[in-house]
Every structure is written in structure tokens, then in C-alpha cells.
Amino acid sequence: MPTIFSKITEGFSLSSASPVTSGIEDVIYIFNEDDITIQYSTTNPLTIDKLTPVNGGKLYKFQGTNNSFNAMSKLAKTQVGPRYTEEIDFNIAGLSVEIKAQLRAMGYGRVKAVVINNYRDSNSAVELFGAVNGLILTEAERNAADEGMEGGYKLKLTNPEKLREPYPPRAVVIAPLSGTASYASTITALNELTEDTE
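Residues numbered from 1 in each chain as written. Predicted model: local features only at pLDDT ≥ 70, side-chain atom pairs only at ≥ 80, totals over all residues. Heavy atoms only, no water.

A word on the environment of isoleucine 38
When you line up the elements, isoleucine 38 lands in strand E2 (residues 36-40). Taking the C-alpha atoms as reference points, isoleucine 38 and aspartate 89, separated by 51 residues in sequence, lie 23 Å from one another. Filtering out sequence-adjacent residues up to four positions away, isoleucine 38 remains in contact with Phe31, Ile48, Lys50, Leu51, Lys112, Leu128 and Ala131. (Helix = DSSP H or I, 4+ residues; strand = E, 2+ residues; numbered from the N terminus. Contact = heavy atoms within 4.5 Å.)

Overview of the layout of surface pockets
Roughly 1400 Å³ of internal volume is contained in the largest pocket. Surrounding the largest pocket, 39 residues form its lining, Phe12, Leu46, Ser122, Asn123 and Ser124 being those nearest its centre. Elements that contribute at least two residues to the lining of the largest pocket include exactly strand E5 (70-78), strand E6 (81-92) and strand E8 (126-129). With 3 residues, the top contributor of residues to the lining of the largest pocket is E5. (1 Å grid on protein atoms, 1.4 Å probe; cavity = no way out; pocket = protein on both sides within 12 Å on 5 of 7 lines; lining within 4 Å. Points joined across faces, edges and corners; volume = space filled by probe spheres on them.)

A short note on the packing of aromatic side chains
Any two aromatic rings considered together are summarised by their centre-to-centre distance and by the angle between their planes. A full pass over the atoms with the stated rule returns 2 aromatic pairs. With a centroid separation of 5.8 Å and an interplanar angle of 65°, the aromatic rings of phenylalanine 62 and phenylalanine 90 are classed as edge-to-face. Here phenylalanine 90 lies in strand E6 and phenylalanine 62 lies in strand E4 (residues 59-63), a separation of 28 residues in the sequence. For phenylalanine 62, a relative accessible area of 12% gives the class buried. For phenylalanine 90, a relative accessible area of 0% puts it in the buried group. (Phe/Tyr/Trp six-rings, centres within 6.5 Å; stacked < 30°, edge-to-face > 60°. Buried < 20%, exposed > 50% of the residue type's maximum accessible area, 1.4 Å probe, protein only.)

Quick look at the pattern of salt bridges
Counted under the stated rule, the structure contains 5 salt bridges. Between lysine 156 and aspartate 89 there is a salt bridge whose closest N-O contact spans 2.9 Å. A residue pair is termed long-range when its members are at least 10 positions apart, and lysine 156 in strand E10 (residues 153-158) and aspartate 89 in strand E6 qualify at 67 residues. Take lysine 156: its relative accessible area is 14%, and that puts it in the buried class. Residue classification places aspartate 89 among the partly exposed positions, given a relative accessible area of 24%. Of the charged contacts, one joins lysine 154 and aspartate 146 as a salt bridge, the two residues approaching to 3.7 Å between their closest N and O atoms. (Salt bridge = Lys/Arg side-chain N within 4 Å of Asp/Glu carboxyl O.)

This is the structure:
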């Protein structure tokens, strides 16, 4: 049965007051697939309105500098409908055994990631990648002589093979205990679930 999400219902125009801005902040929140329960809006499956920890699950915050993080979503038409390939590129400035353990975990286990767009004048300022099928580490490159990276790792999270997402990245809009959801309340909620990796 057709729903509102399979029909065009409105148009859009570019805003001269708040022009679109490229890029994402140099921070991403990553969590293990089984550590956080995702709750979708009852009126729109493209919106997540709650993240609930399971057995003490946490978000892990990774910070970078100088626009070193990037996120990408790309449509792929298939015989059963549209699917989306999602990727997140980020860097780790370090070489410890603990960092290598994190890389190994992201390569075997599935994670989900939350990014913050530089463009804030939108209800998709904060987005979750890998909502349905999760993400895995598909690239981890370290060139010891790379002065730009100071010998750190360049990483890529993307969908597991043959498991693209059925929707574009979901918007994350979390309301406070009392009041209306906003960008600020969403960031507060993320930070309350975070274990800083610094």
C-alpha cells in the first residue's frame, strides 16, 4: 500500500538567508550495534527520536581537526528499489595497542555512527549512518612517512558487502525530558551517552 514516503508531497528552494554549507564537524559518535537501541519516529521512518543504552552501552566520541572527517551517502538503484551506500572517512592520530584493538573490533563487529553536519539550519543537522545494516571498517591505512597524518591511520567505515541501507542516513532529533527537540537537545543527549576516547 502506498504511504506518504513513496509520494512526493512538497517542493523546496534554496535559502539565501541560510545557504547550504558542506562538510561535517570533526567529531563522530560510534557505537556497537548491540549496545544502543534505536527508536524511530512514529510519523516518519527517516527520523530517530531516541537512543537507549542496552546493559550500560555507550557512544564513543572520536575527534579530529582541520576538516579531516567526511561522510557520504550514494543512491544505488536495484531491482527491488533504491538502496544507499554509506561511508564515513576519519583519521586516528595514534599508534597504540589500544587503538589497534579498536580497529580490529570495527573490522569484525558492526557499528553505527552519528555525524554532525556543518549545515545546521535543517532537521537533519545530526545524522545516523548504518541504521539498518550497520557499518564495518573496510579500510585502515597507515603510512609511517605520511607527514600530513603524522604516521596515524586513515579509516573508512562503510556498509558490509551486499548490505546497503534501504533509506538515506536517518535524522537524529532527540527531545529533552520536557520540551521540544532541537539541535542543542540532541547534542546534549548524545554527550550523555558518550564515553570520551581522548
